[in-house]
Amino acid sequence: MEPLINKKLTIVAFGAHPDPFDMPYQAGGTLAKYAKRGHRVIMVSASYEEEWQDEIAAIAKHLGAEHRFLDFAEGAIFDDPSHTHRLMAVIREYKADVVITHQPTDYHPDHRALSRGVLGACLLSRVGEVKSQHAPHKVGNLFYSDTTSGINSQGSIYVDVAETWQQKIEALKLHKRLSETHGVARGAFDIIRENAPQ
């Protein structure tokens, strides 16, 4: 496999839900930084909410990413073979060099289950005996995003996102439906401002 530093990468970021508190919030700065350097970035929401589709598309576009929805059920995401093989199929389809998802210690049960499923999918993706529509593919690296508010976070590698911080904030504000109807959105923006690069 070609060293990752010498090639244009494909980054696939799996979030459990189509709201800004998953990949846009937890890894938006990193995804924008990858995109800014000319890499292909795909944000995948495991569950689907039709009412949020346009806003999620706008957020992804602002971060320089593509977006895609799966049809997992919110509140019923598991790391069983069915879910794991669906995730593996996405990894093989895009030939992901880098995969990002939630930490396995995340506070939300859907996030934890998806994290385990993505790990399993990355491991199975390279196995030729596991058949799918797409050829086996070896993932270069799997990284976990920080948890929301740092709750239960076990991070050891952090990305400097000072150059894309404002871009991330602007992207999150595009989710107008959530910010208008959920007070938690305003609280999240307070957390972001408090932790902004100086």
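Rules used throughout
- Residues numbered from 1 in each chain as written.
- Predicted model: local features only at pLDDT ≥ 70, side-chain atom pairs only at ≥ 80, totals over all residues.
- Heavy atoms only, no water.
- Helix = DSSP H or I, 4+ residues; strand = E, 2+ residues; numbered from the N terminus.
- Buried < 20%, exposed > 50% of the residue type's maximum accessible area, 1.4 Å probe, protein only.
- Contact = heavy atoms within 4.5 Å.
- Axes fitted to C-alpha atoms, helices over the stretch in contact; angles between N-to-C directions.
- Parallel < 35°, antiparallel > 145°, perpendicular 65-115°, else oblique.
- Left-handed = near helix turned anticlockwise from the far one by under 90°.
- Nonpolar A, V, L, I, M, F, W, Y, C, P; charged D, E, K, R; others polar.
- Salt bridge = Lys/Arg side-chain N within 4 Å of Asp/Glu carboxyl O.
- Polar contact = N/O pair within 3.5 Å; in protein donor to acceptor, adjacent residues only side chain to side chain.

1. Some points on the environment of Lys 95
Turning to step 1, where the next piece is worked out: Mapped onto the secondary structure, Lys 95 falls in the loop between α3 (81-94) and β4 (98-101).
Turning to step 2, where the next piece is worked out: Residue Lys 95 is classed as exposed on the basis of its relative accessible area of 52%.
Turning to step 3, where the next piece is worked out: Along the sequence, Lys 95 and Val 12 sit 83 residues apart, while their C-alpha atoms lie 9.1 Å from each other.
Turning to step 4, where the next piece is worked out: Contact partners of Lys 95, with chain neighbours within four places excluded, come to Thr 10 and His 137.

2. Examining the packing of helix α1 (residues 23-36) against helix α5 (residues 165-173)
Two quantities define a packed helix pair, namely the angle between the helix axes and the distance between the axes.
Turning to step 1, where the next piece is worked out: Following both chains from N to C, one finds α1 and α5 inclined at 135°, their axes separated by 9 Å at the closest point. In terms of orientation, α1 and α5 fall into the oblique class. As α1 packs across α5, the resulting crossing turns out to be right-handed. Contacts between α1 and α5 involve Pro 24, Tyr 25, Gly 28, Gly 29 and Ala 32 from the first element and Gln 167, Lys 168 and Leu 172 from the second.
Turning to step 2, where the next piece is worked out: The residue inventory of the contact of α1 with α5, partitioned by class, reads four nonpolar, three polar and one charged.

3. Structural notes on the pattern of salt bridges
Turning to step 1, where the next piece is worked out: Evaluated as defined, the whole model comprises eight salt bridges.
Turning to step 2, where the next piece is worked out: The shortest N-O distance in the salt bridge between Glu 93 and Arg 68 comes to 2.7 Å. Of this pair, Glu 93 sits in helix α3 while Arg 68 sits in strand β3 (residues 66-72), placing them 25 residues apart in sequence.
Turning to step 3, where the next piece is worked out: Judged by its relative accessible area of 25%, Arg 68 is partly exposed.
Turning to step 4, where the next piece is worked out: Among the ionic pairs, Arg 116 bridges to Asp 79, the shortest N-O distance being 3.0 Å.

4. Structural notes on the environment of Glu 170
Turning to step 1, where the next piece is worked out: Mapping Glu 170 onto the fold places it in helix α5.
Turning to step 2, where the next piece is worked out: By relative accessible area, Glu 170 is classed as partly exposed at 36%.
Turning to step 3, where the next piece is worked out: Note: C-alpha distance between Glu 170 and Leu 63 (107 residues apart in sequence) is 9.1 Å.
Turning to step 4, where the next piece is worked out: A polar contact is formed between the side chain of Glu 170 and the side chain of His 62, at a distance of 3.0 Å.

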